[in-house]
Amino acid sequence: MEIVISSNTSKPIYEQITSQIKALIMSGELQTGDPIPSMRAMAKSLHVSVITVQKAYEDLQRDGFIETTVGRGSFVSASNRDFIQEEQQRKAESHLQEAAEIGRTSGISLDKLIELLTLFYTEEA
Amino acid sequence: MSSAIEVRNLQKSYTGFGLQNVSFCVPQGSIVGLIGENGAGKTTTIKAILNLIDIGGGEISVLGSPNKITKRTREDIGVVFDDICFHENLSVSQLGKVMQGMYKRWDMALFKQYCQRFSLDSKKRVGDLSKGMKMKLSITVALSHQPRLLILDEATSGLDPVMRDEILDVFLDFIQDEQNSVLLSSHITSDLEKVADYIVFIHQGKVIFSLTKDTLLYQYGILRCRTDEFKQIDKDDILAYQKKDFEWEVLVADKEKAAQKYKKCVIDHATIDEIMLLYIKGVQQCEG
Amino acid sequence: MRGLILKDFYNMLKNIGPTLVTTICVGLLLMVQGNPSLFVIGFAVAGGGVCSTCLRMDETAGWTKFELIAPVSRTTVVVEKYVLLLLLTITGLIVGGVISYVAGTLTGTLDISKFIMYVSVAFSISLISGSLIIFFLFKFGMIKADFFTVLCYAVPVGIFVAALVVVKKLGLNIMVGSPYMTITYFFPLLALVVSLLTAVATVAVYHKKQF
C-alpha cells in the first residue's frame, strides 16, 4: 500500500490520507478484511504526527471504510463496497442539490455551475 | 496514566524574569514541542520539571508521580541537554559500562545496537567525537536504559539536516510504543512541524498557546491587508497583528472563516515560525 | 554507586601518569631529606588529592549535571566521593608505606614506632584535607573552591603540629608510654570524625543546591 503526501497543498494531511485510502478501497486495491498499518506505524512512515493519522482513521471509520479494534489493529471494513459507493453518491447529490439551490436563488447560470464543478473535479485529480 | 507530564500553574521568579502560571501537559504516547525565544523560559520550565530548581508555586506531576520526581522516576526518564555531559577521556564502551552500573534497566545490547546505527565506534574517546556524534551518543545513552519519557533541551541545534532527520526517525520509533512520550524543546520549528503532535509556545514566562500542530498549520492563518481593511476586522478574530512597511499582518485562528468573512484580504498559511514572530514582534490582542 | 566509582576509576587510569610522576618526585625529594618514612605521607596525601581531581573533572565535563537527572540520589553522589577518598588514601598508604618500610630497612633508618605514627598521620592528613576539599568543591564549585585549597591542607598539618606540642608539654602518655603513641591512636579517630561531619555537611549543602 502506497500513500503519497504533499506538504505543499492547502489540503490538510489527514484529508490526503483519508482520500487516498478511500480511493484504494474503492478501486479494489484494498480488499475487505485487508489490514491497514497501525496509526503509529503510518505516522512513522509518513513522518507525520500521530494525531494527524488518528484523525484520518477516525474519519475513515466514521464513514464506514475501516474498522479499528483495540489490540488487533485496523482493517478494511466488511461493509459492502457498493453500499459505500451509494452512500458517497448520496452525499454528493445533496451537496449538488444545495449548489443548485444557491445558483437558482442567486442568479448563477447553470453553465457557470457546470464550469465550476468541472474545475473542482479536475483539480482534485 | 494519561499524561507523562502535567504542569499546573508553575511559578518561578528570578530577578528580572519569571515563569507565571505555566500550565500544559504531555499526553502519554505523544511528542510535544516546546517553542519560544531564548530566555522565554523553556529551559527553566524543563529544569522545574526535572526538579533541578525549587519552584515558587504550582504543581508538577511526572509519570504519575505527583510530587517532586524521585530516584525511581528518573530510571524512566531520559534527558538530553544541548551540550554533552560525559568525560572526554572515556571511550564509548567505557561509558556504556558506567551507565550499566547506574541504571537498573540498562540494556547493553540495545546500546550497542544504537552505537552501530549511529556509527559510534566503541573504542573512540568521547572527546574525539564530532559535535553531531556527541549528540547521537547522548541520545543513545538516554534511550538505552529504556525510558518512558524522553526530554530534550535544544538537543538538535547545531546538527546538519541529515543527522536531524535520523534523530527524528529515532523519536518516531520511540513512540511506536504508546507508553512512551517525548518533550522536545527546539528552535528548529521545521523539525517540530514534522514530528510534533502538540506545540506549546512560551513567551516571557507565560504559555501563549498549547495546541495540536495540525490546528496551527491548517487552521491558523495569516491575513494580510491594507490599513482601511484592517480597521474593518473584528477584534475577536485577531490573535495578534503587526504593521509592516506596506501591509498589516494579522494572525487568525480560523483561516477558512476569515477567507469567507474578509474577502478583500489575502489569507495565507501560517508556519510555526511566522506564528511565533507575530506574537513576539507584533501586538497581542488580549481576550477580555 | 557502582557506576560512579567505575567512572572515576576509568578517569584515573587515563590521568594517572602526571599524578604518579609528581608523587615520585616529591617522594624522592623527601628521601633526599633523609627520612624515607615521609614517602608514606606523600603517597597518602597524593591519593587523597586524586579524589579532588576526579571531582573537578566531573564538573569540567558537565557530568554533575547528568548526575542530577540520573537515578542516583544526591546523597549517593556525595558519599561516593568520600568512599573514593578513603579508598585512595588507603591505597596511597599501602604503596607509600611499603616503599618507606623497604627504603627505611635498606638504609637502616627505620624506627618502627615513628613509622607507625607517620602512617597514622598520613592517613589523618589525607582524610581531613580531602574531606574539607570535597566540601568546598560541592559548596562553591571548582573555581571558588581553589581559594580554600591551601587552607584545607594547612588545617590538618596545623592540628598535627599543635597536638604534638600539647601532648609533649602535658606529657600525656595514654595507653603506651609515649606522646607519639597518643597521636598515633587518636589522630586517625579525629580524622574519621571530621570526615563524617564534613560528609554530613556536604550532603546537606548539596541537597539545597540549585541549578
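Position numbers for residues count from 1 along each chain, tracking the sequence in the order it is written. Whichever chain is written first is A, and whichever ligand is written first is 1; the rest continue in order. Where totals are concerned, whole chains, interfaces and linings use all residues; where local detail is concerned, this predicted model gives features only for residues with pLDDT of at least 70, and gives and counts side-chain atom pairs only at 80 or more.

## Here we look at the overall build of chain A
So, point 1. The helix and strand inventory of chain A stands at 5 helices and 3 strands.
So, point 2. The helix count covers DSSP runs of H or I at least four residues long, the strand count covers runs of E at least two residues long, and both are numbered beginning at the N terminus. Its helices and strands taken in sequence order, chain A reads α-β-α-α-β-β-α-α from the N to the C terminus.
So, point 3. For the C-alpha atoms alone, the extent of chain A along its principal axes is close to 55 × 35 × 20 Å.
So, point 4. Counting over 125 residues, chain A shows a buried share of 21%. Residues are called buried when their C-beta atom has 20 or more other C-beta atoms within 10 Å, exposed when it has 12 or fewer, and partly exposed otherwise; all C-beta atoms are positioned from the backbone.

## A look at unusual backbone geometry
Residue and element names in this part refer to chain B.
So, point 1. Phi is positive for N21, which is not a glycine, with a value near 50°.
So, point 2. Relative to the elements of secondary structure, N21 occurs in strand β2 (residues 17-27).
So, point 3. Unusually for a residue other than glycine, E154 sits at a positive phi of about 50°.
So, point 4. Note that E154 resides in the loop between β6 (149-153) and α6 (161-174).

## Let's talk about helix α2 (residues 38-61) of chain C
Residue and element names in this part refer to chain C.
So, point 1. The span you would expect from a helix comes to 1.5 Å times its residue count less one. End to end, α2 covers 35 Å across 24 residues, agreeing with the expected 34 Å (1.5 Å per residue, within 8%).
So, point 2. For α2, the tally of buried residues reaches 20 of 24 residues, placing the bulk of the element in the interior.
So, point 3. Count one or two residues on from α2 and you reach G62, which has phi positive near 85°.

## Notes on the interface of chain C and chain B
So, point 1. Contacts between the two partners involve 21 residues from chain C, matched on the other side by 28 residues from chain B.
So, point 2. Elements with a contribution of two residues or more to the side of chain C that touches chain B: α1 (2-33), α2 and α3 (63-69) of chain C.
So, point 3. At 7 residues, the largest contribution of residues to the side of chain C that touches chain B is made by α1(C).
So, point 4. Nonpolar residues are Ala, Val, Leu, Ile, Met, Phe, Trp, Tyr, Cys and Pro. Charged residues are Asp, Glu, Lys and Arg, and all others, Gly as well, are polar. Classifying every residue of the side of chain C that touches chain B by side-chain character gives 12 nonpolar, 5 polar and 4 charged. In this description, any two residues whose backbone-derived C-beta atoms lie within 7 Å of each other are considered to be in contact.

## Remarks on the environment of P12(A)
So, point 1. Mapped onto the elements of the fold, P12(A) is located in the segment before α1 (13-27).
So, point 2. On a C-alpha basis, the gap between P12(A) and T52(A) in space is 8.9 Å, while along the polypeptide they are 40 residues apart.
So, point 3. Filtering out sequence-adjacent residues up to four positions away, P12(A) remains in contact with D214(B) and Y218(B).

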